[in-house]
Amino acid sequence: RSRESLLAIARSSESPALVDHLPRLSMEEVAFVAECLTHAAPVWARHCNAHLALCALIQTYGSHLATVKLVGTLLASADADFCCHKNGASVAMTIMSSAIPQQQRRIVEHVLLQAQRFSRHRFASKLVLQVLMLGDVPERAALVEELMDAPSLVKLACHCFGSNIVLALLHVPEASDRVCAMLRKASRIVKRDRYGSKLLHAAGLLVGASFSRAIWAH
């Protein structure tokens, strides 16, 4: 296929068929697909159909040289806020789970630079959760420190997406006790908020509440 025809398929409703076919490709064909997607990679990361092919390529061939180049191009783009897009966040999470370690660290670095902002974002907050749950110990510890400023933590606790991050921090050994102490200290403020009250109940910090290990979805 030509580059144009492949990109037309990736952009169309036929993208799932391309995804299904990826595991059966030769290494030369994988390189061709990756090279096609490398051009305008930030655009494809946001595209409702093309991002599926991008994610599948990273999941299946994350260490292939052409895929590494593709991900590198995406991470080096000036438009690095693809993490804040619905489809772009899915691509970022796939990089975090399936790309080569150096590129996984690039995602972590990007999260650390904007930890507070991402924690309040509808889509990027899912990436913050992924780093907290799946990141290496040093990465997780660095993110914890970015999130543990007391005033900012209280604001997160009272935010529709940030409250999920605070609940996740309660499951991080190096953060759990500190988060509990901060929430208890600020409980009068937090419990008056819709999301804060829900958080305190899930954390077992309201009378009659039991600790929940489920991170709820909004």
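Residues numbered from 1 in each chain as written. Predicted model: local features only at pLDDT ≥ 70, side-chain atom pairs only at ≥ 80, totals over all residues. Heavy atoms only, no water.

> Would you mind going over the environment of S90 in detail, with residue names and values included?
For S90, the location among the structural elements is in helix α7 (residues 86–98). Since its relative accessible area comes to 32%, S90 is described here as partly exposed. Linking S90 and E139, residues 49 residues apart in sequence, is a C-alpha distance of 20 Å. Once you skip the residues sitting within four places of it in the chain, S90 turns out to touch H51 and C55. (Helix = DSSP H or I, 4+ residues; strand = E, 2+ residues; numbered from the N terminus. Buried < 20%, exposed > 50% of the residue type's maximum accessible area, 1.4 Å probe, protein only. Contact = heavy atoms within 4.5 Å.)

> Quick rundown of the packing of helix α10 (residues 124–134) against helix α11 (residues 137–147)? Include the residues and the values.
Between α10 and α11, the shortest axis-to-axis distance is 8 Å and the interhelical angle comes to 130 degrees. Comparing the axis directions of α10 and α11 gives the class oblique. Remark: the crossing between α10 and α11 carries left-handed chirality. Where α10 approaches α11, its residues V128, V131 and L132 are matched on the opposing element by R140, L143, V144 and L147. Tallied by class, residues from the contact of α10 with α11 come to 6 nonpolar, no polar and 1 charged. (Axes fitted to C-alpha atoms, helices over the stretch in contact; angles between N-to-C directions. Parallel < 35°, antiparallel > 145°, perpendicular 65-115°, else oblique. Left-handed = near helix turned anticlockwise from the far one by under 90°. Nonpolar A, V, L, I, M, F, W, Y, C, P; charged D, E, K, R; others polar.)

> Summarise the confidence of the model for the protein chain; cite the residues concerned and give the values.
For the protein chain, per-residue confidence averages 90 on the pLDDT scale, and 93% of positions sit at 70 or higher. Per-residue pLDDT, averaged within each element of the protein chain, yields its smallest value for helix α1 (residues 3–11) (90) and its largest for helix α5 (residues 50–61) (97). The low-confidence segment residues 209–218 (pLDDT under 50) makes 31 contacts with residues lying over four places distant or belonging to another chain. (pLDDT = per-residue confidence, 0-100.)

> Let's hear about the packing of helix α12 (residues 150–157) against helix α13 (residues 162–169): which residues, and what values?
Direction vectors running N to C along α12 and α13 enclose 115 degrees, while the axes themselves pass 6 Å from each other. Between α12, through L153, L156 and A157, and α13, the contact on the second element is made entirely by G162, S163, V166 and L169. In terms of residue class, the contact of α12 with α13 is made up of 5 nonpolar, 2 polar and no charged.

> So what about unusual backbone geometry? Which residues, and what values?
The backbone phi angle of A40 is positive, close to 60 degrees, even though this residue is not glycine. With respect to the element layout, A40 can be found in the loop between α3 (27–38) and α4 (41–46).

> Help me get a handle on α13, residues and values and all.
Among the 8 residues of α13, 8 are classified as buried, and the element is accordingly described as predominantly covered. Among all positions of α13, only G162, S163, N164, I165, V166, L167, A168 and L169 are buried. Along its buried surface, α13 packs onto α9 (115–119), α10, α11, α12, α14 (173–185) and α16 (194–202).

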